[in-house]
Amino acid sequence: MDDRTKLKRNPSRETCENIIRRILMTEVLEKGTNAHFRQASDFMSYFESLYPASDSLTKQVQRAIKSMDMPKDEQGYFIINKTKEQLAQEAELKHLLKQGEFSLHPMEHCETVFINAPVDCCDYLIHRLSSWELLKDKYITMVKTCNGVLIYTEDKSRLLFLINSIINQ
């Protein structure tokens, strides 16, 4: 066999990339994460089961890995479902959330109160309501809408009582 016949037997770089993607996606779908593939040599047993083992096959798999430019996790495993940019964004967000006083607040138990108000008064109304000491722990957030202010609360009756007490004074 001459070298040309051998080269034709090896998969193209694009074919290698597709196979690598499939392998990694299967790994992630079955195990939840990639905990096996860190470098091109980790894929070689699979490729060698399909193609004759050779230096050119190894180089083709290495080229495919390099071309794919996949990010790696903290342990050095390839991450198939994220780009390097996405990982950088996540790292920045993680850093920000850990540095600040952030917390998640699920809103399944929130109720809403809507105050119908002229649009040009909404910002001032939100400012005054959020500055009011008695209302401080009675709402989760307030949102300006096209025709008023929407208030999310976990204590709707108490919030309504306080707002109505001002209106009815």
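Since the structure is predicted, the reported quantities are computational estimates derived from the model, not experimental observations.

**Student:** Which residues make up the overall build of the protein chain, and what values go with them?
**Tutor:** When helices and strands are counted, the protein chain shows 7 helices and 3 strands. Counted from the first residue to the last, the protein chain has its helices and strands arranged as α-α-α-α-α-β-α-β-β-α. Here the protein chain has a C-alpha radius of gyration of 29 Å; the compact-globule value for 169 residues is 15 Å, and the former is much larger. For the protein chain, the spread of C-alpha atoms along the three principal axes comes to 100 × 30 × 25 Å. For the protein chain, the proportion of its 169 residues judged to be buried stands at 30%. When contacts within the protein chain are restricted to residue pairs at least 6 apart in sequence, long-range pairs at least 24 apart make up 56% of them.

**Student:** Mind laying out the side chain of Lys138, listing which residues take part and the relevant values?
**Tutor:** With respect to the secondary-structure elements, Lys138 resides in the loop between helix 6 (122-131) and strand 2 (141-145). With a relative accessible area of 15%, Lys138 lands in the buried category. Excluding residues within four positions of it along the chain, Lys138 makes contact with Thr153, Arg158, Leu159 and Leu162.

**Student:** I'd like a rundown of a nonpolar patch on the surface, residues and numbers included.
**Tutor:** The grouping of Leu93, Leu96, Leu97 and Phe102 at the surface amounts to a nonpolar patch, some 390 Å² of accessible area in total. With respect to the helices and strands, the residue Phe102 is situated in the loop between helix 5 (84-99) and strand 1 (111-116). Note on Phe102: relative accessible area 48%, which makes it partly exposed.

**Student:** Summarise unusual backbone geometry; cite the residues concerned and give the values.
**Tutor:** Despite not being glycine, Asp69 shows a phi value in the positive range, around 50°. Within the secondary structure, Asp69 is located in the loop between helix 4 (55-68) and helix 5. Relative accessible area serves as the criterion here: at 44%, Asp69 is assigned to the partly exposed category.

Reading the values: the criteria
- Residues numbered from 1 in each chain as written.
- Predicted model: local features only at pLDDT ≥ 70, side-chain atom pairs only at ≥ 80, totals over all residues.
- Heavy atoms only, no water.
- Helix = DSSP H or I, 4+ residues; strand = E, 2+ residues; numbered from the N terminus.
- Rg over C-alpha atoms; globule rule 2.2 N^0.38 Å.
- Buried < 20%, exposed > 50% of the residue type's maximum accessible area, 1.4 Å probe, protein only.
- Contact = heavy atoms within 4.5 Å.
- Patch = residues over 30% accessible without salt bridge, like charges linked within 9 Å, V, L, I, M, F, W, Y side chains within 5 Å.
- Areas by Shrake-Rupley, 256 points an atom, 1.4 Å probe, with all protein chains shown as cover.
- Salt bridge = Lys/Arg side-chain N within 4 Å of Asp/Glu carboxyl O.

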